[in-house]
Structures are given as C-alpha cells and as structure tokens.
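Secondary and tertiary structure notes
One letter stands for each residue in the lines below.
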Amino acid sequence: MMSRCVSVLLFVTAIVLMVACNMPDKQKQLVPKERMLEEETMENIFYEMNIADAVVSLRMVQVNGHTSLTQYQVDSLIYESIYDKYNCTRESFEESILWYLQNDPEQLKDMYEHVVERFNQDIAEIGNAKSDSVATVESNTL
C-alpha cells in the first residue's frame with residue numbers, strides 16, 4: 001500500500017522535474033488553455049500510467065534472461081494506448097501538464113492527490129475482497 005503511494009509520488013516528482021528542466025523561457029512555453037486536457041482526463045491518464053508502470057515493473061518481458069524490450073519501449077507502447085483511449089497525444093498531455101504548472105500548480109497537486117486516493121480505495125477494496133474470500137472459505141470448511 002505504502003509502496004504504491006511512494007511510486008505515485010516519485011512519478012509526480014519525475015514529471016515535474018522533467019517538465020521544469022525543459023522550460024528555457026516560460027513565456028514561449030505558455031500553453032493556451034483551450035488546448036489543454038480536461039482535469040478528469042488528466043487524472044485518468046495519470047492513474048492508468050501509474051498502473052501501467054507497476055505492471056511493467058513487475059512483469060518485464062524476458063527472453064533467455066534478457067529483456068526483449070527496454071523499459072522505455074514498453075512504457076512508450078503502453079502510454080500510447082492510454083493516450084489513444086482518451087483521444088489525446090503525448091504532446092497534448094505534456095502541454096496540459098505545462099499549463100497547470102504555469103497557471104495552477106495547486107490544481108495539478110490536487111489531481112495527483114485524487115489519483116493517490118483512487119489507489120488507496122483500490123487497495124482497500126482488494127483487502128475487503130480478500131477478507132470476504134477468507135471468511136467464505138472458513139465458513140464452508142466448518
């Protein structure tokens with residue numbers, strides 16, 4: 001549970017640093033609001049990217065002890081499918097992150113907090129499902 005929260009926070013930090021390091025002139029980088037993705041879409045993409053990262057890190061494709069694809073290649077393929085699902089591009093997603101960083105960083109922080117809350121709810125539901133399964137097995141064996 002805690003490791004997922006740490007993963008999400010590391011992901012957030014990486015994106016913020018990546019975007020911040022690539023902003024030579026904020027005025028030139030300013031993204032028009034009409035081109036940015038909706039908040040709900042951004043949250044869903046963040047959420048699904050984190051799930052994808054967790055799955056990939058647990059199950060890298062291995063062939064004879066060597067990975068057949070690099071982590072970057074797998075991430076890129078998965079991320080592209082997420083962008084397609086939400087009818088956007090990597091560029092529009094990155095532009096939206098830039099817009100929030102430049103205009104409303106508190107809202108970006110709130111989005112990440114919502115993603116963490118969703119993970120916590122998922123973890124709680126999994127825990128409840130496991131305890132329900134154990135209770136069912138125990139009652140059937142008594």
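An account of the accompanying structure is given in this report. (Residues numbered from 1 in each chain as written. Predicted model: local features only at pLDDT ≥ 70, side-chain atom pairs only at ≥ 80, totals over all residues. Heavy atoms only, no water.)

Another point: the overall build of the protein chain. When you go through the protein chain residue by residue, the secondary structure sums to six helices and two strands. Traced from its N-terminal end to its C-terminal end, the protein chain shows the element sequence α-α-α-β-β-α-α-α. Here the contacts in the protein chain between residues at least 6 apart in sequence split such that 78% fall between residues at least 24 apart. About 9500 Å² of surface is accessible on the protein chain, with carbon and sulfur atoms providing 56% of the total. (Helix = DSSP H or I, 4+ residues; strand = E, 2+ residues; numbered from the N terminus. Contact = heavy atoms within 4.5 Å. Areas by Shrake-Rupley, 256 points an atom, 1.4 Å probe, with all protein chains shown as cover.)

So, on to the pattern of salt bridges. A complete count under the given rule lists five salt bridges for this structure. Its salt-bridge partner being Glu106, residue Lys109 comes within 3.5 Å of it at the nearest N-O pair. Of the two residues, Lys109 and Glu106 are both situated in helix α6 (residues 105-141); the distance of three residues between them amounts to about one turn of the helix. Across the salt bridge formed by Glu113 and Lys109, the nearest N and O atoms sit 3.4 Å from each other. Placement of both Glu113 and Lys109 in helix α6 is noted, with a separation of four residues, approximately one turn of the helix. Look at Lys109 and you get partly exposed, because its relative accessible area is 41%. Among the ionic contacts, a cluster of salt bridges with common partners joins Arg90, Glu91 and Glu94. (Salt bridge = Lys/Arg side-chain N within 4 Å of Asp/Glu carboxyl O. Buried < 20%, exposed > 50% of the residue type's maximum accessible area, 1.4 Å probe, protein only.)

So, on to the nonpolar core. Among the nonpolar cores identified, the biggest contains 21 residues, and Met42, Ile45, Phe46 and Phe93 are the most heavily contacted of them. Among the secondary structure elements, those contributing two or more residues to this core are α3 (39-58), α4 (71-85), α5 (90-103) and α6. Broken down by element, this core gets its largest block of residues, six residues, from α3. (Core = buried A, V, L, I, M, F, W, Y, C linked by side-chain atoms within 4.5 Å.)

Take the environment of Glu80 next. Here Glu80 shows up in helix α4. On the basis of relative accessibility, which here comes to 38%, the residue Glu80 falls in the partly exposed class. Here the alpha-carbon distance between Glu80 and Arg90, two residues ten residues apart in the chain, equals 7.4 Å.

Another aspect to go through is the packing of aromatic side chains. Tallied over the entire structure, the rule returns five aromatic pairs. Plain terms: the ring middles of Tyr83 and Phe93 are 5.8 Å apart, the flat faces sit at 45° to each other, and that makes the pair tilted. Of the two residues, Tyr83 sits in helix α4 while Phe93 sits in helix α5, which places them ten residues apart along the sequence. Take Tyr83 and Phe93: they sit in the same class, and that class is buried. Counting every residue linked through ring pairs, the aromatic cluster contains Phe46, Tyr83, Phe93 and Tyr112. The side chain of Arg118 reaches across the aromatic face of Tyr47, ending 3.9 Å from its centre. (Phe/Tyr/Trp six-rings, centres within 6.5 Å; stacked < 30°, edge-to-face > 60°. Lys NZ or Arg CZ within 6 Å of the ring centre and 35° of its normal.)

What follows concerns unusual backbone geometry. Residue Asn87 is not a glycine yet carries a positive backbone phi of 55°. Summarising the element assignment, Asn87 is placed in the loop between α4 and α5.

Looking at where Gln107 falls in the secondary structure, it is placed in helix α6. Given the relative accessible area of 18%, Gln107 is considered buried. A distance of 2.7 Å separates polar atoms of two side chains, one belonging to Gln107 and the other to Glu39. (Polar contact = N/O pair within 3.5 Å; in protein donor to acceptor, adjacent residues only side chain to side chain.)

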